[in-house]
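# Breakdown of the fold
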Amino acid sequence: MSVATADGLTLAGRDRRFGLLLTAPGLLSLLIVITFPLFFTLYTSVHDYTLLTPNYDTFVGTENYQEALDEEYLPGSLWVTTKFVLASIVIEFIIGFAVALSLHATRRFGSIYYLILLAPLLINPVVVGLLWRMLLHSELGIVNYTIGLVGISPVSWLGDADVAFWTVVLTDIWHQVSFMAILLVAGLAALPREPYEAARMDGASTIRCFIHITLPLMRPVIAVAILLRLIFAIKTFDIIFIMTKGGPGTATDLISYYIYRAAFFGLDVGRASAMAAGLLVIILALTAYLYRYMNSLK
Amino acid sequence: MRAWMSRDTGKRGGCRERSFCARVDVDEGMTANSRGTMRKRGRLKFLSWLLPHGILVVFSAVIVLPLLWLLRVALTDKKTAYKIPPEWGQASFDNFVEIFTGYPFFSYFLNSATVALGATVIALPLAVGLAYAFARYNTGGLPLRLFVLSSQMLPPVILVLPLFTLFLKASLINTLPGLILAHMTLSLPFLAWLLVAFFDGEVATLEQAARTDGATRFQALVRITLPVAAPGILAAGLLAFLLSWNEFLYALILSGPHTNTLPVGLSSFQTHRGVDIALLSAATICAILPAMVLLPFLRRYLIKGLSLGALK
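This one's a predicted model, so the numbers in the text were calculated from it and none came from an experiment. Per-chain numbering applies: the sequence of each chain, read as written, is numbered from 1 onward. Chains carry letters and ligands carry numbers; both start at the beginning, A for chains and 1 for ligands, and go up in the order they are written. For this predicted model, a pLDDT threshold of at least 70 governs which residues receive local features, and a threshold of 80 or more governs which side-chain atom pairs are given and counted, while totals over whole chains, interfaces and linings are taken from all residues.

### Let's talk about the nonpolar core
What counts, and what does not: To form a nonpolar core, buried Ala, Val, Leu, Ile, Met, Phe, Trp, Tyr and Cys residues must be joined through C-beta atoms within 7 Å. To assign burial, the other C-beta atoms lying within 10 Å of each residue's own C-beta are counted, with C-beta atoms placed from the backbone; 20 or more indicates buried, 12 or fewer indicates exposed, and intermediate counts indicate partly exposed. What counts as a domain boundary in this text is fixed by an automatic or database domain assignment. Each residue is represented by a C-beta atom placed from its backbone, and any two residues with such atoms within 7 Å are regarded as in contact.
Grouped together as the largest cluster of nonpolar side chains are 165 residues, with contacts concentrated most on A:Ile259, B:Ala127, B:Ala131, B:Leu191 and B:Leu195. Counting only domains with at least three residues in this core, you end up with domain 1 (2–75) and domain 2 (103–306) of chain B. Those residues in contact with A:Ile259 that sit more than four places away from it in its chain are A:Ala272, A:Met275, A:Ala276, A:Leu279 and B:Val157.

Written out as structure tokens, the structure is:
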């Protein structure tokens, strides 16, 4: 197949050269803005770099990692993050699937519902945090006033440790449930019709159709939606910063916020970098899994 | 017929009538029976209409009502905004005027727009090159794609630490170019990954035809593929713009008083003079306005953007 051309390259060789030419600027930029800083994180993580002594004079080896592992509050933050991620994904999946099935079943007003559904996804997370902080204010908030009308006593949405955790979870759900819903809607729209027609001929009920046809066929979409949300939920920072600053106590101290605090309030960038490196390993592992899964579908 | 009609008026009456029916219309048993299943099916049909709409109406209300409340607070005067139980004051745009005249929100807007536009405009051509090479020539193969995907998945808090120390050294801290560079860590991988989907499919066939007619690889890209994929590229660019318009953590750490972006301005507004919810609401409305205006145009592309091209 190799056809020699004027410059002595085969056609495939010219393809490769053209591809490399197009890739080079983008790839170089990625290496500069992402890979280089990442290596710098690793470099910082083995040095005694604090904002009081911002230099790389002292090599400390794995000391930062040791210190990070010995920290009293790190396990707590990891546990809060795990709870937060699991709670939001499970609830988002249930609500998201209900909304997706409903949207799939309606024709009328479908595009209006869809537009409303999309809206939160484009709203700034800082705005979401500010909005709900205002609505949930314990004395001046409209939510406590409204539940007061039906005789429920005011709730300290952000002041009580147990309640604050769920307030943050629910705020994040308000913001992100649409993500799950529209991915599932797209999945439902792409399902083949034949299995349902066959099942109807056999007299299967709607619920049986859902369990034995919809769920198995939707498995890839469900898996991708959940994996993406999992990775995104681990990154949650903005609403924590706005609504609770990790509090009350450490009730909402998600890992991103914890690392941010270690670096910019604890002033120990070296140790924060060690924790960031740990988080990096988790995220890369999840991404690699997602990637393998997405490729196995093709 | 009468029996059938009365059955719909009340449950008890319906029951009695049904037993009456069964006793009298002996030879019409079949008909009554099929009427029953029809009615059952009708009720089921009504239920399967009501349930989805019910769920969607409740869901939509939960999303829309808080936003409407935000708008209401932004339009009332400062004192009325705090009243509980709520009072409906005179609607005015005073708050919107005041945030721009009495506070540096104009500068926040300008900084946000500059940074988002800068990051998008620089990243877009770079990403087009990457995505096109992936789609057409599979340059770098699976490892390079994984590299781009992982870059996009990185939590900002991991990157903000080295960017902070590096920018400190390079005196890029508190500057708009520094912030643009930081935002490119978001937009470049996002765009590169997303655009691949726009270069696959039909346009590849078109391009093949052009190549057979003697167009060079470069001509095929510039004259065929880019014009055909232009709407998708534009939509992707707008999504990338919103991505950095909404970004908070990088801006929080890497910007200073003169380079604060809108989200940072909003987050610090609370502490200036206590909380002034009427002014804050007006400012937040302005902050989400660009996204809400673009929403109808972006809806077709949003699904691709959100699922990172995993779903079409």
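There's more to say after this.
### Brief notes about the packing of helix H6 (residues 105–137) of chain B against helix H11 (residues 217–245) of chain B
Residues and elements named next belong to chain B. Heads up, the rule is: All axes are obtained by fitting lines to C-alpha atoms, using only the stretch in contact for helices, and the reported angles, taken between N-to-C directions, cover 0 to 180 degrees. Secondary structure elements are taken from DSSP: a helix is a run of H or I of four residues or more, a strand is a run of E of two residues or more, and numbering for both begins at the N terminus. Roughly parallel means an angle under 35 degrees; roughly antiparallel means over 145; roughly perpendicular covers 65 to 115; every other angle is labelled oblique. The handedness criterion is simple: a crossing whose near helix is rotated anticlockwise from the far helix by less than a right angle is left-handed, and one whose near helix is rotated clockwise is right-handed. By the convention adopted, Pro, Cys, Tyr, Trp, Phe, Met, Ile, Leu, Val and Ala count as nonpolar, Lys, Arg, Asp and Glu as charged, and the other residues, Gly among them, as polar.
Where H6 contacts H11, the two axes come as close as 9 Å, and the packing angle between them is 140 degrees. Taken together, the axes of H6 and H11 lie oblique to each other. For the pair H6 and H11, the crossing hand works out as right-handed. Seen from H6, the contacting residues are Ser112, Val115, Ala116, Leu117, Ala119, Thr120, Ala123, Leu124, Val128 and Tyr132; seen from H11, they are Leu221, Thr225, Ile233, Gly237, Ala240, Phe241, Ser244 and Trp245. Looking at side-chain class alone, the contact of H6 with H11 contains 13 nonpolar, five polar and no charged residues.

### Notes on the domain arrangement of chain B
Residue and element names in this part refer to chain B. Partitioning chain B into structural domains gives domain 1 (2–75) and domain 2 (103–306). Listed per partner, the contact involves four residues of domain 1 and six residues of domain 2. Split into classes, the residues belonging to the side of domain 1 that touches domain 2 amount to four nonpolar, no polar and no charged.

### With respect to the environment of B:Ile277
Position of B:Ile277 relative to the elements: it lies in helix H14 (residues 277–306). Along the backbone, B:Ile277 and B:Arg211 are 66 residues apart, and their C-alpha atoms lie at a distance of 61 Å. Here B:Ile277 is in contact with A:Met134, B:Val73, B:Ala81 and B:Tyr82, once residues within four sequence places are set aside.

### A few points about the interface of chain A and chain B
Contact with chain A, which involves 77 residues of that partner, is made by 73 residues of chain B. Here the side of chain A that touches chain B takes 19 residues from helix H1 (residues 11–45) of chain A, the largest share from any one element. For the side of chain A that touches chain B, a count of residues per class yields 60 nonpolar, 13 polar and four charged.

### Observations concerning the environment of B:Leu249
Here B:Leu249 shows up in helix H12 (residues 249–254). You can call B:Leu249 buried: it has 23 C-beta atoms within 10 Å.

### Focus: the packing of helix H5 (residues 94–101) of chain B against H14(B)
Residues and elements named next belong to chain B. Interaxial distance between H5 and H14 falls to 9 Å at its minimum, and their mutual angle equals 80 degrees. Classified by the interaxial angle, the pair formed by H5 and H14 is roughly perpendicular. Side by side, H5 and H14 meet where Asn95, Phe96, Glu98 and Ile99 of the first sit next to Ala278, Leu279, Ala282 and Ala283 of the second. Across the contact of H5 with H14, the residue classes break down as six nonpolar, one polar and one charged.

### Focus: unusual backbone geometry
The phi angle at A:Phe109 is positive, at roughly 60 degrees, despite the residue not being glycine. Structurally, A:Phe109 can be placed in the loop between helix H3 (74–105) and helix H4 (110–122). The phi torsion at B:Asn138 lies on the positive side, around 50 degrees, for a residue other than glycine. Along the polypeptide, B:Asn138 turns up in the loop between H6 and helix H7 (141–153).

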